[in-house]
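# Breakdown of the fold
Chain by chain, the residues run as shown.
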Amino acid sequence: MSRARAWAEVLRVSGLLTVPGDVVAGAAAAGGRPEPRVLRAIGCSLCLYEAGMALNDWADQEEDARERPHRPLPSGRLAPAPVLGAAIGLTAAGIALAATAGRHAALVAGTLAATVWAYDLKLKHTKAGPAAMGAARGLDLLLGAVAAGRRRPGRTAWLSAAALAAHTAAVTHVSRSETTGGDSRAPLAALAATAGIGLAVRGRTDAGGPGHPASRVVPAALAAAYAATAARPLAHAVLNPSPPLVQRAVGGGLRALIPLQGALTARAGSPALGAALLVGAPIVRRLARRVGLT
């Protein structure tokens, strides 16, 4: 059980449910639904997410030994070689799954994998780090769009990807002071980004079509849920940028991904599917609290 828990910590299993919504939102933006090709793209997305988590711990061994000695690698609960092997194997599996969803999906998945590896091995501690992480989430959404049958993602998909990327980049910037704290500028910028994104995604796009009130009400409700989930802990971190409150702000930003994905899905014309995504939010919070994983 201790070894299984160590792997769960490396792979950040509490965050898995924040991943499928990227692809679902992308498919909705392309006018698609969770058909087999899209489901295979979700499998690809999950594999590449887990590959990035494993590679992150492998690449950060020295830093974790100084700042997080309880992590599986510096504590000796896992050896480095199997963790790197998992990252390589999961990356290969993800691209292979994407290939079954079409050539264009494989191309996007390959670009996504390259972005993940570049972030973990080189870009994480540079000024380009937050942008690279944001790009990875945006590409994940575009993966859903091309898997749904669009060779070239349309305007709705690109705008949705931009919103998701902006949120992710802002939260990643905040996460840089998780262990040190002391800087309110990053959470303040993320708070402003949250407000802007929330306003941008609250209304339906032309893809939503006319008619049913749900096409107007659901995106607005999900956008409000997104803003509420992310904004409160960010505001606390602005007022007191101590490590514990910064960590809570990062956690809130990660949980806010699900209502944001739901809002993007509803805004693209699938309000019922967007609302259904919100079911994952309390599960993520409960799992994270229960097993104590971040």
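Definitions and limits used
What you see as residue numbers is a count from 1 along each chain, following the sequence as written. Where local features are concerned, this predicted model is filtered to residues with pLDDT of at least 70; where side-chain atom pairs are given and counted, the filter is 80 or more; whole-chain, interface and lining totals use all residues. Derived side-chain values reflect all non-hydrogen atoms in the structure, with water molecules and hydrogen atoms excluded from consideration. A run of DSSP states H or I qualifies as a helix once it reaches four residues; a run of E qualifies as a strand once it reaches two. Both are numbered from the N-terminal end. A radius of gyration in this sense is built from C-alpha atoms; the matching globule rule multiplies 2.2 Å by the number of residues raised to 0.38. A simple rule labels every residue: compare its accessible area, found with a 1.4 Å probe on the protein chains alone, to the largest value its type can have, and call it buried under 20%, exposed over 50%, or partly exposed in between. For this count, His and the chain ends are skipped, Lys and Arg are scored as positive, and Asp and Glu as negative. Lysine's charge is taken at NZ, arginine's at CZ, aspartate's at CG and glutamate's at CD. Criterion for a salt bridge: a side-chain nitrogen of Lys or Arg within 4 Å of a carboxyl oxygen of Asp or Glu. We define a nonpolar core as any set of buried Ala, Val, Leu, Ile, Met, Phe, Trp, Tyr and Cys residues linked to one another through side-chain atoms lying within 4.5 Å. Any pair of residues with heavy atoms lying within 4.5 Å of one another is described as a contacting pair. Here the expected span of a helix is defined as 1.5 Å times the quantity of residues minus one. Of all possible arcs, the one meant is that of the directions from the helix axis to the C-beta atoms. Each patch is built from residues lacking any salt bridge and having more than 30% relative accessible area; the joining distance is 9 Å for like charges and 5 Å for nonpolar side chains (Val, Leu, Ile, Met, Phe, Trp, Tyr). Note on areas: Shrake-Rupley with a 1.4 Å probe; residue coverage comes only from the protein chains shown. Here an angle of 0 to 180 degrees is reported between the N-to-C directions of two axes, which are lines fitted to C-alpha atoms, with helices fitted over the stretch in contact. Working definition: roughly parallel below 35 degrees, roughly antiparallel above 145 degrees, roughly perpendicular at 65 to 115 degrees, and oblique for all remaining angles. Take the far helix as the reference: if the near one is turned anticlockwise from it by less than a right angle, the crossing is left-handed, and if turned clockwise, right-handed. Gly is placed with the polar residues, together with every amino acid not listed as nonpolar (Ala, Val, Leu, Ile, Met, Phe, Trp, Tyr, Cys and Pro) or charged (Asp, Glu, Lys and Arg).

## Examining the overall build of the protein
In terms of regular secondary structure, the protein is built from 14 helices and zero strands. Across the protein, helices and strands are ordered from the amino to the carboxyl terminus as α-α-α-α-α-α-α-α-α-α-α-α-α-α. A globule of 294 residues ought to have a C-alpha radius of gyration of about 19 Å, and the protein, at 18 Å, matches this closely. Based on the C-alpha atoms only, the size of the protein along its principal axes is roughly 60 × 45 × 35 Å. For the protein, the residues scored as buried account for 50% of the 294 residues in total. Taking the 32 positively charged and 15 negatively charged side chains of the protein as two groups, their mean positions are separated by 9 Å.

## Topic: the pattern of salt bridges
The full count for this structure, using the stated rule, is eleven salt bridges. A salt bridge links D22 to R137; the shortest N-O distance between them is 2.7 Å. Residue D22 is located in helix α2 (residues 20-29), and its partner R137 is located in helix α7 (residues 129-147); the two are separated by 115 residues in the primary sequence. The exposure class of D22 is buried, given its relative accessible area of 0%. Looking at R137, the relative accessible area reads 11%, which means it is buried. Between D120 and K124 there is a salt bridge whose closest N-O contact spans 3.9 Å. A residue is classified by how much of its surface remains accessible, and D120, at 7% relative accessible area, is buried. A single network of salt bridges, built from pairs that share partners, joins E63, D64, E67 and R68.

## Considerations on the nonpolar core
Within the largest apolar cluster, 58 residues are counted, with the highest numbers of intra-cluster contacts made by L143, V174, V201, L260 and L264. Among the elements that line this core, the one with the most residues is α7, at eight residues. Apart from the residues within four sequence positions on either side, L264 is in contact with A25, L141, S160, A163, L164 and V201.

## A closer look at helix α5 (residues 80-99)
One turn of the α-helix equals 3.6 residues, which is why residues spaced by three or four share an orientation. Here α5 contains 20 residues, and its C-alpha end-to-end distance of 29 Å stays within 8% of the 28 Å for a straight helix at 1.5 Å per residue. Those residues of α5 that sit buried are V83, A87, T91, G94 and A98. For α5, the angular spread of the buried residues around the axis is 80 degrees, confining them to a single face. If you follow the buried residues of α5, they end up packed against α1 (2-11), α3 (36-59) and α6 (103-123).

## Here's the deal with the environment of L107
Checked against the element boundaries, L107 lands in helix α6. Distance in space between the C-alpha atoms of L107 and V146 is 9.7 Å, their sequence separation being 39 residues.

## A look at a nonpolar patch on the surface
Among the surface-exposed residues, L17, V279 and I283 lie close enough to one another that they form a single nonpolar patch of about 250 Å² accessible area. Among the secondary structure elements, V279 is positioned in the loop between α13 (271-277) and α14 (280-291).

## A look at the packing of α7 against helix α8 (residues 155-175)
Where α7 meets α8, the closest approach of the two axes is 7 Å, and the angle between their N-to-C directions is 150 degrees. Between α7 and α8, the angle is such that the two are roughly antiparallel. Of the two possible hands of crossing, α7 and α8 adopt the one that is right-handed. Contacts between α7 and α8 pair P130, A131, M133, G134, A135, R137, G138, L141, L142 and A145 from the former with A157, W158, S160, A161, L164, A165, T168, A169, T172 and H173 from the latter. Class assignment for the residues of the contact of α7 with α8 results in 13 nonpolar, six polar and one charged.

## Comments concerning unusual backbone geometry
Backbone geometry places R12, a non-glycine residue, at a positive phi of 50 degrees. Position of R12 relative to the elements: it lies in the loop between α1 and α2. With a relative accessible area of 14%, R12 lands in the buried category.

## Here we look at the packing of α8 against helix α11 (residues 243-255)
Where α8 contacts α11, the axes come no closer than 9 Å and their chain directions differ by 160 degrees. Classified by the angle their axes make, α8 and α11 are roughly antiparallel. Crossing of α8 against α11: the hand is left-handed. Judged by residue contacts, H167, V171, V174 and S175 of α8 engage V246, A249, V250 and G253 from α11. Each residue belonging to the contact of α8 with α11 can be placed in one class, and the counts come to five nonpolar, three polar and no charged.

Worth remembering: the numbers are spatial, not functional.
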